[in-house]
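Examining the three-dimensional arrangement
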Amino acid sequence: MDRSVSCRFDAELDGVSDVVLSFAAAEAATLASESIAVTLGGSAVEVTELVEEHGSRLHVANRLGPGRLEVTYSASISGRADPPPVVPIDLIRYTRPSRYCESDRLAPFARAEFGSLEGLDLVDAVSSWVGTRIAYISGSSRPTDGAVATLLAGQGVCRDFAHLVVAILRGCDLPARLASVYAPGLQPMDFHAVAEAYVDGAWLVVDATCLAPRSAMVRIATGRDAADTAFLTTIGDRVDMGWLDVMAITEGPLPADDVDVPVRLG
C-alpha cells in the first residue's frame with residue numbers, strides 16, 4: 001500500500017523558545033521520498049533529528065524566536081513498515097498510570113466492567129464500550145483533559161478516546177500505549193491518535209473512533225500518552241499556535257476495515 005502524507009503549520013514565538021517537533025513518519029517507514037522545511041520569519045532553521053527507542057523522530061531547534069515559525073513536511077511511503085520490536089521493559093512501563101491515562105483511578109471501574117475478560121476479548125469489549133459511550137465532538141475537550149475527564153464528560157476527540165481505552169486496559173493490567181498517526185480517510189483530516197494494546201506477543205491498533213482504516217495508518221510517534229506524542233512542544237516563552245493543515249491519502253481505494261480483524265501498526 002502506497003501512501004502520501006503531509007502537514008503544514010505555523011506558530012508565533014513571542015520570545016525565545018526551544019522547539020521540539022514530532023510530525024515525521026517513524027523511523028521504520030519505507031520512505032520513497034521525504035521533504036522537511038522549517039523556517040523562522042522566512043529564513044531556514046537548522047534542526048537536529050533525534051530518534052526515540054520506538055522509532056519516533058523528533059526534530060529539535062534551540063533558542064528560536066521571536067518570530068513566525070513555519071513547518072512544511074511531505075513524504076511518500078511505499079508498502080508497510082515492520083512494527084517496532086517488543087521491548088520487555090515496555091510491558092511494565094505501559095501498564096503503569098501516566099499523565100493522561102489515570103489507570104489507577106479508573107481501575108475499580110475497569111475491573112467491575114471488564115474484569116471477566118482478557119486478551120483480545122478484553123480489547124474488543126473496551127474499544128466497543130468507549131466507541132458507543134463517548135461522543136466524538138470536535139473542540140469538546142481541553143488539552144489538559146485526561147481519561148477520567150473524558151469518562152465523566154462523555155465526549156471528546158480522538159486523543160480522548162485513545163486515552164480512555166488505554167487507561168481502562170491498563171486498569172485491567174493489560175499493557176497499552178498511545179500512537180500518533182497519519183490516517184488516510186480521516187474526516188475531518190488532522191493528526192490522529194490511536195491506542196495500541198499488547199495481546200499474544202504483539203501490539204495491536206485500537207481505534208474506538210472507527211474514523212479511518214487502521215491498516216492505512218502511518219505511525220508518527222509512540223508513548224505513554226499525548227505528553228509523549230505531541231506534534232509541537234515548546235520550552236521557553238509564550239507560543240501561539242496558528243494554522244494547521246494535514247493530508248494523508250492512499251494511492252488507490254482506501255482498504256476496508258473489519259473491526260473483528262486484529263491489525264498491527266507499521
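Refer to the structure presented above.
1. A look at the packing of helix α3 (residues 119-133) against helix α5 (residues 158-171)
Two elements in contact, α3 and α5, have axes whose closest approach is 10 Å; the angle formed by their N-to-C orientations is 140°. As summarised for this structure, α3 and α5 are arranged oblique, according to the angle between their axes. With respect to the hand of their crossing, α3 and α5 are arranged in right-handed fashion. Residue-level contacts link L122, V123, V126, W129, V130 and G131 of α3 to F161, L164, V165, I168 and L169 of α5. Grouping the amino acids of the contact of α3 with α5 by side-chain chemistry returns 10 nonpolar, 1 polar and no charged.

2. As for the pairing of strand β1 (residues 2-13)
Across the 12 residues that make up β1, a large majority, 9, are buried. Taken together, the 12 bridges between β1 and strand β7 (residues 67-78) define a ladder with antiparallel strand orientation. Looking at the pairing, R3 lines up with I77 of β7. Here β1 pairs with strand β15 (residues 239-250) via 10 bridges, running antiparallel. Considered in β15, the bridge of F9 is made with L244.

3. Brief notes about the sheet that holds strand β11 (residues 192-199)
As summarised here, the arrangement of the 4 strands in space is β12-β11-β10-β13, forming an open sheet in which the pairing is antiparallel. Edge positions in the sheet fall to β12 (202-206) and β13 (218-223), since each of these pairs with one other strand and no more. The sheet shows a mean angle of 35° between the axes of neighbouring strands, direction not considered. Relative to β13, strand β10 (residues 176-182) runs antiparallel, the two sharing 5 bridges. By the bridge assignment, V181 is partnered in β13 with R219. Strands in contact with α3 are β11 and β12; relative to β11, the strand with the most contacts, it is inclined by about 155°.

4. Focus on the sheet that holds β1
Overall, antiparallel pairing links the 5 strands, which are arranged β4-β3-β7-β1-β15 in an open sheet. This sheet does not close on itself; its edge strands, each paired only once, are β4 (43-44) and β15.

5. Some thoughts on the layout of surface pockets
By rolling a water-sized probe across the atoms, one finds the places where empty space is left. Approximately 970 Å³ is the volume attributed to the largest pocket. As for the largest pocket, its lining consists of 33 residues, and the residues nearest its centre are P143, R159, A226, A230 and F231. Tallied by class, residues from the lining of the largest pocket come to 17 nonpolar, 11 polar and 5 charged. In this structure, the second largest pocket occupies an estimated 290 Å³ of space. Top contributing element to the lining of the second largest pocket by residue count: α3, with 6 residues.

6. With respect to unusual backbone geometry
The residue after G65, namely P66, is reached through a cis peptide bond having omega -5°. Here P66 shows up in the loop between β6 (57-64) and β7. Of note, the bond from Q187 into P188 is cis; its omega dihedral lies within 30 degrees of zero at 0°. Of note in the backbone geometry, C210 takes a positive phi value of approximately 55° without being a glycine.

Rules behind the numbers
Per chain, residues are indexed from 1 in the order of the written sequence. Local features in this predicted model are restricted to residues of pLDDT 70 or higher, and side-chain atom pairs are both shown and tallied only at a pLDDT of 80 or more, whereas totals for entire chains, interfaces and linings draw on every residue. Excluded from the side-chain calculations are hydrogens and water; all other atoms, namely the structure's heavy atoms, are used. Inter-axis angles, ranging from 0 to 180 degrees, are taken between N-to-C directions of lines fitted to C-alpha atoms, where helices are fitted over the stretch in contact. Labels follow the DSSP assignment, with helices taken as runs of H or I lasting at least four residues and strands as runs of E lasting at least two, numbered in each case from the N terminus. Geometric relationships in this document are graded by angle, where less than 35 degrees denotes roughly parallel, more than 145 denotes roughly antiparallel, 65 to 115 denotes roughly perpendicular, and other angles denote oblique. Two helices crossing with the near one rotated counterclockwise from the far one by less than a right angle form a left-handed crossing, whereas a clockwise rotation gives a right-handed crossing. The contact criterion used throughout is that any non-hydrogen atoms of two residues lie within 4.5 Å. Each residue is assigned to one class: nonpolar for Ala, Val, Leu, Ile, Met, Phe, Trp, Tyr, Cys and Pro, charged for Asp, Glu, Lys and Arg, and polar for all the others, Gly among them. Three exposure classes are used, based on accessible area relative to the maximum for each residue type with a 1.4 Å probe and protein chains only: buried under 20%, partly exposed in between, and exposed over 50%. Two strands are counted as paired when DSSP detects at least two bridges linking them. Grid points spaced at 1 Å over the protein atoms alone were grouped into cavities, where a 1.4 Å probe fits but cannot get out, and pockets, open sets with protein on both sides within 12 Å along at least five of seven lines, with lining residues defined by an atom within 4 Å of a point. Grid points are joined across faces, edges and corners, and a volume is the space filled by probe spheres set on the points.

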